[in-house]
Amino acid sequence: MAHTVEKIGGTSMSRLNELRDTLFIKNGEPQYGRVFVVSAFAGITNALLEHKKTGKPGIYANFADGNGEDSWNDALDQTRAAMIEAHSEILDDAQDVADATDFVNERIEGARNCLIDLQRLCSYGHFRLNTHLLQIRELLSGLGEAHSALVTVLLLRRAGVNARLVDLTGWRDEDEVTLEQRIMSALEDVNMSDELAIVTGYAQCSEGLMREFDRGYSEVTFSKLAALTGAREAVIHKEFHLSSADPKLVGADKVRKLGRTNYDVADQMANLGMEAIHPSAAKTLRQAGVPLRVANAFEPEDPGTLIDDQPADTAAVEIVTGLEVLALEVFEQDMVGVKGYDAAILDALTRHGVRIVSKVSNANTITHYVDASMPDVRRVEKDLMRIYPQSEISIREVSIVSAVGRDLLGLSVLTRGLLALDEAGLASLGASQGPRNVDVQYIMPRGDMGAAIKALHDKLVTQDGQAFPLAA
């Protein structure tokens with residue numbers, strides 16, 4: 001039967017009991033023919049690794065940074081308590097709560113023993129802890145998704161759904177398999193016509209998902225599963241709709257749901273931190289010809305936004321968004337006509353794990369707009385000063401505000417946007433538009449980002465202050 005593969009994010013997972021009778025069951029009927037890939041409950045992956053935004057250390061960061069056995073042991077105990085609290089708020093049946101708690105205890109204690117053994121082993125000079133850190137990061141990550149998947153299965157079975165746990169985390173698995181082998185082996189005897197497969201967002205495999213994708217691993221698993229099984233559609237359930245801008249910035253009465261867009265726009269959104277889907281996951285779906293739907297999990301009757309590879313029927317700005325970045329500017333008078341400067345800068349940025357958002361250059365200046373911390377960019381600056389001691393290097397806090405659409409041809413977005421900013425009393429530090437006509441970027445002072453988004457949205461997306469529908 002034609003099936004869908006659907007992913008539920010961590011924030012939505014924490015309201016799992018609200019989704020039981022709308023997403024998994026409708027009008028008393030289990031929704032078979034759907035495969036659900038689940039994230040860990042909200043906050044659990046932060047506790048297992050480190051906080052995604054603040055950097056506050058979790059179990060992994062405390063262990064990797066050598067903060068002492070007490071620090072990561074305490075973090076393990078705190079994470080155990082948070083996981084138990086999460087499922088105790090969702091599950092109603094006492095036996096289900098007990099089963100979930102036993103599962104958490106078994107996995108947490110297994111992880112603790114692993115860390116103790118590894119720490120003991122690495123006390124000998126022939127073994128180095130840093131060579132094992134990636135495996136530890138992957139082991140800990142899998143605890144969150146295995147837990148949430150089990151809780152989902154317990155909740156659904158109690159409601160009469162034939163739900164099956166598909167654990168891809170490789171817990172105590174001695175086999176070395178690829179991601180494709182892991183997925184296909186786990187699903188080979190699942191009957192989608194009368195079973196609801198609940199799949200862990202983390203998958204242990206020989207490629208090592210976190211090596212390349214880090215916290216984006218669940219969407220990579222989701223997209224690979226959809227492509228391998230020939231899903232008719234991939235669906236991501238969020239707690240909001242994809243909208244033309246942040247309603248808190250431009251007003252809830254002015255934003256509109258996108259409704260329809262394509263993978264080009266999704267890539268631009270991801271580049272600016274407004275991620276509908278991880279770019280690598282989008283590439284997998286795009287190459288497999290699987291359309292993606294981004295839906296609001298708590299509005300199950302709304303079709304959400306469909307993302308495919310089709311062009312727009314009508315040119316339009318679909319979304320205005322922004323990202324705070326650092327501008328790394330390298331000026332060197334001798335750069336004119338000389339090769340190698342750009343390559344050296346890129347090498348330094350790559351070496352320090354700095355993500356490039358955008359870039360401009362002229363005869364003697366190269367500026368990279370990067371999404372990174374100031375200490376990381378300072379390290380890049382230090383490397384470049386050693387290579388080019390005569391250069392002038394500056395780092396500046398700015399923001400990129402971008403107007404994005406499937407087709408901007410003929411709309412004079414660059415000019416109209418600059419006029420809108422000027423009318424709002426805002427001065428752009430720079431602006432650019434590429435020949436592909438999918439986005440226009442405005443470089444703004446850091447503090448003007450919100451006002452710039454509002455001004456551009458009012459001018460480029462709305463008419464007479466009211467949102468208008470976008471042609472498909």
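Procedures and definitions
- Residues numbered from 1 in each chain as written.
- Predicted model: local features only at pLDDT ≥ 70, side-chain atom pairs only at ≥ 80, totals over all residues.
- Heavy atoms only, no water.
- Pairing = 2+ DSSP bridges.
- Helix = DSSP H or I, 4+ residues; strand = E, 2+ residues; numbered from the N terminus.
- Axes fitted to C-alpha atoms, helices over the stretch in contact; angles between N-to-C directions.
- Contact = heavy atoms within 4.5 Å.
- Buried < 20%, exposed > 50% of the residue type's maximum accessible area, 1.4 Å probe, protein only.
- Core = buried A, V, L, I, M, F, W, Y, C linked by side-chain atoms within 4.5 Å.
- Phe/Tyr/Trp six-rings, centres within 6.5 Å; stacked < 30°, edge-to-face > 60°.
- Patch = residues over 30% accessible without salt bridge, like charges linked within 9 Å, V, L, I, M, F, W, Y side chains within 5 Å.
- Areas by Shrake-Rupley, 256 points an atom, 1.4 Å probe, with all protein chains shown as cover.
- Salt bridge = Lys/Arg side-chain N within 4 Å of Asp/Glu carboxyl O.

(A) Structural view of the sheet that holds strand β9 (residues 292-296). One open sheet accounts for eight strands, arranged β5-β6-β4-β1-β7-β9-β10-β8; its pairing is mixed. Looking along the sheet, the strands with just one partner apiece sit at the ends: β5 (163-166) and β8 (260-262). The mean inter-strand angle of the sheet, taken between neighbouring strand axes irrespective of direction, is 25 degrees. By the bridge criterion, five bridges tie strand β7 (residues 233-238) to β9 in an arrangement that is parallel. Directly across from His 237, in β9, lies its bridge partner Ala 295. Lying over the sheet, helix α10 (residues 217-228) contacts β1 (4-8), β4 (34-38), β6 (196-200), β7 and β9, oriented at roughly 170 degrees with respect to β1.

(B) Expanded view of the environment of Ala 315. Of note, Ala 315 is situated in the loop between β10 (305-308) and β11 (319-331). Assessed through its relative accessible area of 23%, Ala 315 is described here as partly exposed. Placed 120 residues apart in sequence, Ala 315 and Pro 435 show a C-alpha to C-alpha distance of 15 Å. With residues near it in sequence (within four places) discarded, Ala 315 still touches Asp 407, Leu 409 and Leu 411.

(C) Structural view of the nonpolar core. Counting 93 residues, the largest nonpolar core has Phe 24, Ile 198, Phe 222, Leu 285 and Leu 292 as its most contacted members. Per element, the largest residue contribution to this core is twelve residues, and it comes from helix α7 (residues 133-158). Discounting residues that sit within four places of it in the chain, Ile 198 has contacts with Phe 24, Phe 36, Val 38, Ala 149, Thr 152, Val 153, Leu 156, Arg 164, Leu 165 and Val 166. Counting 20 residues, the second largest nonpolar core, distinct from the first, contains Val 317, Met 449, Ala 452 and Leu 456.

(D) Expanded view of the packing of aromatic side chains. Enumeration over the complete set of coordinates arrives at four aromatic pairs. Taking the centre distance of 5.5 Å and the plane angle of 80 degrees together, the rings of Phe 63 and Trp 72 count as edge-to-face. Overall, the relative accessible area of 3% leaves Phe 63 in the buried class. Judged by its relative accessible area of 0%, Trp 72 is buried. Each ring, one from Tyr 341 and one from Tyr 388, has its centre 4.5 Å from the other, and the planes form 20 degrees; the classification is stacked. Taken together, the residues Tyr 341 in helix α14 (residues 341-351) and Tyr 388 in the loop between α15 (374-387) and β14 (392-404) connect sequence positions 47 residues apart.

(E) Main features of a nonpolar patch on the surface. Together, Leu 121, Tyr 124 and Phe 127 give the surface a local cluster of nonpolar side chains, amounting to about 290 Å² of exposed area. Position of Leu 121 relative to the elements: it lies in helix α6 (residues 94-121).

(F) Expanded view of the sheet that holds strand β13 (residues 365-371). Strand order in the open sheet formed by six strands is β12-β13-β11-β14-β16-β15, with antiparallel pairing between adjacent strands. Two strands close off the open sheet at either side, each with one partner strand: β12 (355-361) and β15 (430-433). Pairwise comparison of adjacent strand axes, ignoring direction, gives a mean angle of 30 degrees for this sheet. As defined by bridge partners, β11 adjoins β13 across six bridges and the pair is classed as antiparallel. Bridged to Phe 331 within β13 is Thr 365. Taken strand by strand, helix α12 (residues 263-271) contacts β11, β12, β14 and β16 (439-445), and its axis lies near 95 degrees from that of β12.

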